[in-house]
Amino acid sequence: MAKHKDGKKTGKAKLDYYESFLKQAQLAHEEAKLLVEVAENFTSAEAIRDYLPRAHELENAGDEVNHAVLHAIDVDFITPFDRNDIIELTNALDDIADSIEEVMQRMYMFDVHFMHRDVLPLAKLLVKATALLVDAMGDFKSFKKFGAFIETMQKVNDVEEEVDAAYMEVMRRLFTEDNDNPVRVMVWSDLFSHIEDCADRIDEAGILMGNIILRNS
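Please read all numbers here as calculations on a predicted model, not as lab measurements. Numbering of residues begins from 1 in every chain and follows the order in which that chain's sequence is written. Thresholds applied to this predicted model are a pLDDT of at least 70 for local features of residues and 80 or more for the giving and counting of side-chain atom pairs; totals over whole chains, interfaces and linings are not thresholded and use all residues. The basis for the side-chain values is all heavy atoms of the structure; hydrogens and waters are excluded.

Side note on the environment of N216
Working step 1: Inspection of the secondary structure puts N216 in helix α7 (residues 182-216).
Working step 2: According to the relative accessible area criterion, N216 is partly exposed, its value standing at 32%.
Working step 3: Sequence separation of N216 and V69 is 147 residues, and the distance between their C-alpha atoms is 19 Å. Helix and strand definitions follow DSSP, with helices as H or I runs of at least four residues and strands as E runs of at least two, each counted in order from the N terminus. Partly exposed describes any residue whose relative accessible area lies between the buried limit of under 20% and the exposed limit of over 50%, with all areas from a 1.4 Å probe on protein chains only and scaled to the type maximum.

Here's what the structure looks like:
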C-alpha cells in the first residue's frame, strides 16, 4: 500500500510518474495521427465534426493523466525529481494534445471549404515529432542514457525547424497568392499558426526533459 506524506497508508498504488509521462506523449501522438486522418479524408467542415469526439476523448484522457500526476505530487512523500519540474513537464505534455485538438476544432468552427494542400505535410511532421517524443521517454526514465536522449531530441528539434521553415513559406504564399481573398488569408493564417505552435510545444517539452535530466544526473 502507498503511504501519504504524513506516513499513513492510503490503500492506493503509488503512481508511476514515468509511465504517466509516456502515456501523455502517446496520447499526443494519437492526436497528431487523428489530425492527419482529418486532412487526408476531408470532404467538408461539417464532416470534421465526426472526428471531434475522438479528438476530445484523447484530450480528456490526457487531462486525466495530468490530474493524476498533480494529485500524486501532493500526497507522495518522495517524487522521482523536483515537484516543480514534474508540474511543468506534465503540463507541457498535456498542452501538446490540447493544441493539436484545437487545430481540428478551429477547422470546424471556421467552416473551412477545402483542405489546404500544406496541412497534410505539416500534420505528418507533428506525427513524426510526437513519435520521437514517445521514443525519448525510455531514455528519459533512465537518466543515464543522456547521449541517446539528446540524439532523439535533436531529431525533434530538426522536425520543429522543418515546420518553421515550411510555415514561413506557407504564410508567404497565403499573403501573395490569396491576397484577393482576405477571409481565406485570415482563416488559414490562423490555422497554420496553430499548427506551428503545436511543433513548438513538442520541442519545448523535449527541452524541458533534457534540462530535468541535467539537473538530476
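A look at the pattern of salt bridges
Opposite charge on two side chains permits pairing when their charged atoms draw close.
Working step 1: The working definition used for a salt bridge is a side-chain nitrogen of Lys or Arg within 4 Å of a carboxyl oxygen of Asp or Glu. Summed over all chains, the structure comprises twelve salt bridges.
Working step 2: Residues R215 and D85 are paired through a salt bridge, measuring 2.9 Å at the closest nitrogen-oxygen approach. Separated by 130 residues along the polypeptide, R215 in helix α7 and D85 in helix α4 (residues 83-109) bring together distant segments of the chain.
Working step 3: A cluster of three or more residues bridged by salt bridges with shared partners is formed by D95, D197 and R201.

Examining α4
Working step 1: Taking 1.5 Å as the rise per residue, α4 with 27 residues should run 39 Å; its terminal C-alpha atoms sit 38 Å apart, in good agreement.
Working step 2: For the purposes of these results, a polar contact is taken to be a pair of N or O atoms within 3.5 Å, where, inside protein, one atom must be able to donate a hydrogen and its partner to accept one; residues adjacent in sequence count only when each atom of the pair is a side-chain atom. Its side-chain oxygen 2.9 Å from the backbone nitrogen of N84, D82 forms the N-cap of α4.
Working step 3: Of the residues trailing α4, D111 is marked for its positive phi of about 55°. A helix is expected to span 1.5 Å multiplied by its residue count minus one.

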